[in-house]
Amino acid sequence: MPEATISLNDSVDLQTHTTWSDGQWTPRALFDALAGAGVRVVAVTDHDTLDGLPEMRTLGRTRGVHVVPAVEVTTNWRGRTAHLLCFAREFRGNALGDLVRATHERQLDNTREVHDVLLRRGHTFPRLPQVLRERGGELARPVDNATLLVEHGYAPNLAAALDTIRAAGFHSVTADLSEAVGAAHASGALAVIAHPGRHDGEIVRYEPDVLDDVHREAPFDGIEVYYPIHSPDQTAAYARYAETRGLLVSAGSDSHGPRQRPPIAYPARLVRPLLERCGIQVTERI
């Protein structure tokens, strides 16, 4: 039995983020926005955690939005940051959960170390419980230190705050891409390369020859072809690449909050094979 049935023209968004990781959306606010935009299927791909999935499913049922179990794993390929989207009908076993939990714990260790350095350098954060109230009033993610710097007037914007925490010892903590792909497959999940045309900081930009190299080492199942900052030429090139290599195609807004980018209503026909691998029947009409 399918998990859900939608039509080819129904709307989906397969990359979104909430306060369970580095997003500014509360889960409730995200699902209100999804329902308002007419999105029928969503993947909430919070970084390096599966803990929010029960809440997302409950909200999805109340808003008429089907939730695909998903996570975005922070990985590295040959020492450079690479993001991996994992989608499933249902996660099985512990392989992927154990990998993202270990990655998150190492990230949290670094976050606390950076915070201690900031305190020793004379920064004070009296409003920490209020600023991080969506995190339970505690440090939970690397971006939290940057947010505290901005909210307490130590940095004019997030970019400047990130420079400050880097100087205090922040570094990217990642899982190995090949290990992440293996853990996804062991957990019954599909492994999809996120935003291959995006290039900022240390993130890998995947030209076709690079994708071939990556696939030989980490046999992923698909690529995120449809992404807001991909140019039309990039989108066409990645679509051709996926077709010629027999790879799945994904589409996601990468929405992190109402002040950043809203969810995007992509037609289900763009990603039909991926949806069907996740237990969603896509029909000509309902």
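Everything below is about the structure shown above.
Source: prediction; values computed, not measured. (Residues numbered from 1 in each chain as written. Predicted model: local features only at pLDDT ≥ 70, side-chain atom pairs only at ≥ 80, totals over all residues. Heavy atoms only, no water.)

**Some thoughts on helix 2 (residues 53-63)**
Since the α-helix packs 3.6 residues into each turn, any two residues three or four apart lie on the same face.
(1) Moving on: Turning to helix 2, its buried residues are Leu53, Met56, Leu59 and Gly60. Summarising the axial view, the buried residues of helix 2 lie within an arc of 125°, below the 170-degree limit, and thus occupy one face. The exposed set on the far side of helix 2, more than 90 degrees from its buried face, consists of Pro54, Arg61 and Thr62.
(2) Moving on: The elements touched by buried residues of helix 2 are helix 1 (27-36), strand 3 (39-44) and strand 4 (66-68).
(3) Moving on: Backbone geometry just after helix 2 places Gly64 at a positive phi near 75°. (Buried < 20%, exposed > 50% of the residue type's maximum accessible area, 1.4 Å probe, protein only. Helix = DSSP H or I, 4+ residues; strand = E, 2+ residues; numbered from the N terminus. Arc of directions from axis to C-beta. Contact = heavy atoms within 4.5 Å.)

**Considerations on the packing of helix 3 (residues 95-120) against helix 5 (residues 143-151)**
(1) Moving on: Remark: helix 3 packs on helix 5, axes separated minimally by 9 Å, with the N-to-C direction vectors making an angle of 30°. As the angle between them shows, helix 3 and helix 5 are arranged roughly parallel. Residue-level inspection shows Thr111, Val114, His115 and Leu118 of helix 3 in contact with helix 5, the latter providing Asn145, Leu148 and Leu149.
(2) Moving on: The residue inventory of the contact of helix 3 with helix 5, partitioned by class, reads four nonpolar, three polar and no charged. (Axes fitted to C-alpha atoms, helices over the stretch in contact; angles between N-to-C directions. Parallel < 35°, antiparallel > 145°, perpendicular 65-115°, else oblique. Nonpolar A, V, L, I, M, F, W, Y, C, P; charged D, E, K, R; others polar.)

**Description of the layout of surface pockets**
(1) Moving on: Here the largest pocket defines a volume of roughly 1,800 Å³.
(2) Moving on: For the lining of the largest pocket, the secondary-structure elements that each account for two or more residues are strand 5 (70-77), strand 6 (80-88), helix 4 (128-131), helix 5 and helix 6 (158-167).
(3) Moving on: A class-by-class count of the residues in the lining of the largest pocket yields 14 nonpolar, 18 polar and 17 charged.
(4) Moving on: Considering the residues around the second largest pocket, the lining is formed by 14 residues, among which Trp20, Thr49, Asp51, His104 and Arg141 are closest to the centre. (1 Å grid on protein atoms, 1.4 Å probe; cavity = no way out; pocket = protein on both sides within 12 Å on 5 of 7 lines; lining within 4 Å. Points joined across faces, edges and corners; volume = space filled by probe spheres on them.)

**Quick look at the environment of Thr164**
(1) Moving on: Turning to its location among the elements, Thr164 is positioned in helix 6.
(2) Moving on: Separated by 46 residues in sequence, Thr164 and Leu118 place their C-alpha atoms 8.9 Å apart.
(3) Moving on: Leave out the neighbours within four places in its chain, and Thr164 touches Leu118 and Leu149.

**Topic: empty space enclosed by the protein**
Remark: the empty space left among the atoms is shown by a probe the size of a water molecule rolled over them.
(1) Moving on: This model, assessed by the stated rule, comprises one cavity of 30 Å³ or more.
(2) Moving on: As for the largest cavity, its lining consists of 13 residues, of which Val44, Gly52, Leu53, Met56 and Ala70 are closest to the centre.
(3) Moving on: Counting residues per element, the ones that place at least two in the lining of the largest cavity are helix 2 and strand 4.

**Points about the pattern of salt bridges**
Two side chains carrying opposite charge are able to pair once their charged atoms lie near each other.
(1) Moving on: Counting across every chain of the model gives 11 salt bridges.
(2) Moving on: Residue Arg63 is joined to Asp32 by a salt bridge in which the shortest nitrogen-to-oxygen separation is 2.8 Å. Linking Arg63 in helix 2 with Asp32 in helix 1, this pair joins segments that are 31 residues apart in sequence.
(3) Moving on: Take Arg63: its relative accessible area is 23%, and that puts it in the partly exposed class.
(4) Moving on: Its salt-bridge partner being Asp213, residue Arg216 comes within 2.3 Å of it at the nearest N-O pair. A residue pair is termed a helical-turn pair when its members lie 3 or 4 positions apart in one helix, as Arg216 and Asp213 do in helix 8 (residues 208-217) at three residues.
(5) Moving on: Residue Arg216 is classed as exposed on the basis of its relative accessible area, which comes to 61%. (Salt bridge = Lys/Arg side-chain N within 4 Å of Asp/Glu carboxyl O.)

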